[in-house]
Amino acid sequence: MYKAIELFYFFFQGILFFQVIALLVFYYITRRKDSLFFMGFLLFASLNFFLAAPELFYNKEDGEVLTSRWFRFFNTPFAMLSGLFFSLFLRDFFGDVVKDQRIPRLLTIIIRIQMVLFIPFYIMYFLELPTEFLFNLVNFGGVAIGIWIVYIIFKHRIQYARIVALGTIFYLIGSVLTTWLLLLRLQQTKHILVDHFPFLTLKIGILVQSICYLIAIFHKWHQQSIEGRAQAILAERHRIASELHDDVGATMSGISL
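What counts and how
- Residues numbered from 1 in each chain as written.
- Predicted model: local features only at pLDDT ≥ 70, side-chain atom pairs only at ≥ 80, totals over all residues.
- Heavy atoms only, no water.
- Phe/Tyr/Trp six-rings, centres within 6.5 Å; stacked < 30°, edge-to-face > 60°.
- Helix = DSSP H or I, 4+ residues; strand = E, 2+ residues; numbered from the N terminus.
- Buried < 20%, exposed > 50% of the residue type's maximum accessible area, 1.4 Å probe, protein only.
- Lys NZ or Arg CZ within 6 Å of the ring centre and 35° of its normal.
- Core = buried A, V, L, I, M, F, W, Y, C linked by side-chain atoms within 4.5 Å.
- Polar contact = N/O pair within 3.5 Å; in protein donor to acceptor, adjacent residues only side chain to side chain.
- Axes fitted to C-alpha atoms, helices over the stretch in contact; angles between N-to-C directions.
- Parallel < 35°, antiparallel > 145°, perpendicular 65-115°, else oblique.
- Left-handed = near helix turned anticlockwise from the far one by under 90°.
- Contact = heavy atoms within 4.5 Å.
- Nonpolar A, V, L, I, M, F, W, Y, C, P; charged D, E, K, R; others polar.
- Expected span 1.5 Å × (residues − 1).

**Let's talk about the packing of aromatic side chains**
The geometry of two aromatic rings is summed up by the distance between their centres and the angle between their planes.
Now for step 1: Using the criterion set out here, one finds 22 aromatic pairs in the structure.
Now for step 2: Their ring planes at 25° and their centres at 6.2 Å tell us that Phe 121 and Tyr 125 sit as a pair that is stacked. Of this pair, Phe 121 and Tyr 125 are both found in helix α7 (residues 118–126), four residues apart, which corresponds to roughly one turn of the helix.
Now for step 3: By relative accessible area, Phe 121 is classed as buried at 0%.
Now for step 4: One residue, Arg 31, lies across the ring of Tyr 27, its end atom 5.5 Å from the ring centre.
Now for step 5: One residue, Lys 203, lies across the ring of Tyr 9, its end atom 3.4 Å from the ring centre.

Here's what the structure looks like:
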């Protein structure tokens, strides 16, 4: 089981980095900001998970790395940046789909709060105060935003609802299970998942979520491309009809004269 989970961890990191590259190429082709923001979410999530598994990825003792100052300097900010890019993605992805303008406004407020949180983090870091509270706040905030998004999807019956809701639900389940495993670690419960792989369920949730959201991004782009072509054809028909009307009118005027 230990080796199987290790292989999954390598597979997970590889898939996330591949998705980051694919989204970067997709953004270069389409210039869609939602794909760029989702790329940022996956990039900082994968970096955070990479740093949090020193024994597996760069042959260092967990105790030595996870208690170091440089790890604290990067770990929480990476988690905060991941949440920030996810909120930016949600605002851009649903901004032109949901008719209720209060939703993008609320997401804008959440984004500003996430940006402001960097200030107390670095103050607490340089004063050598514990920053775990902010890390947990970011995680619980991500769960709350996920629950809210699922509610909005079903309330407004928006497009791509099923695939987005499915990915978000997997992410929520993974987050809750990981939080439970971390609480068991604090209680010194002995289990392979508690001791070595507490983030396994969260990684599975993020992996499913990322695949679902990629499908939604591509589907939205494809749908809007079809609609754009249809609108262009309709505009061309109106232009031709207008020119024919003018030509027929001028011809009739000439005949009358």
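**Regarding the nonpolar core**
Now for step 1: Formed by 48 residues in total, the largest nonpolar core has its most connected members in Tyr 9, Phe 38, Phe 89, Leu 90 and Tyr 213.
Now for step 2: The element that contributes the greatest number of residues to this core is helix α11 (residues 200–256), accounting for nine residues.
Now for step 3: Counting residues in hydrophobic clusters, the runner-up holds seven residues, among them Leu 117, Phe 121, Met 124 and Tyr 125.

**Structural notes on the side chain of Ser 35**
Now for step 1: One can find Ser 35 in helix α2 (residues 33–51).
Now for step 2: Looking at Ser 35, its side chain comes within polar contact range of the main-chain oxygen of Arg 32, at 2.7 Å.

**Some details on the packing of helix α1 (residues 2–30) against α2**
Now for step 1: It is the contact of α1 with α2, at a shortest axis distance of 9 Å, that shows an interaxial angle of 155°. Of the possible angle classes, the one that applies to α1 and α2 is roughly antiparallel. Note on packing geometry: the crossing formed by α1 with α2 is left-handed. Residues Phe 12, Gln 13, Leu 16, Phe 17, Gln 19, Val 20, Leu 23, Leu 24, Phe 26 and Tyr 27 of α1 form the contact with α2, whose own contacting residues are Lys 33, Ser 35, Leu 36, Phe 38, Met 39, Leu 42, Leu 43, Ser 46, Leu 47, Phe 49 and Phe 50.
Now for step 2: The class makeup of the residues in the contact of α1 with α2 is 16 nonpolar, four polar and one charged.

**Regarding the packing of α2 against helix α5 (residues 69–95)**
Now for step 1: Where α2 contacts α5, the axes come no closer than 8 Å and their chain directions differ by 155°. In terms of orientation, α2 and α5 fall into the roughly antiparallel class. Here α2 and α5 pass one another in a crossing that is left-handed.
Now for step 2: Within the contact of α2 with α5, the residues separate by chemical class into 18 nonpolar, four polar and three charged.

**A word on α1**
Three- or four-residue spacings in an α-helix give side chains the same orientation, since the helix completes a turn every 3.6 residues.
Now for step 1: The end-to-end C-alpha distance of α1, which contains 29 residues, comes to 42 Å, matching closely the 42 Å that a straight helix rising 1.5 Å per residue would cover.
Now for step 2: Directly beyond the C-terminal end of α1, a positive phi value near 60° is found at Arg 31.

**Structural notes on unusual backbone geometry**
Now for step 1: The phi dihedral of Arg 31 falls on the positive side, at around 60°, and the residue is not glycine.
Now for step 2: Mapped onto the elements of the fold, Arg 31 is located in the loop between α1 and α2.
Now for step 3: Arg 31 gets classed as exposed once you look at its relative accessible area, which sits at 52%.

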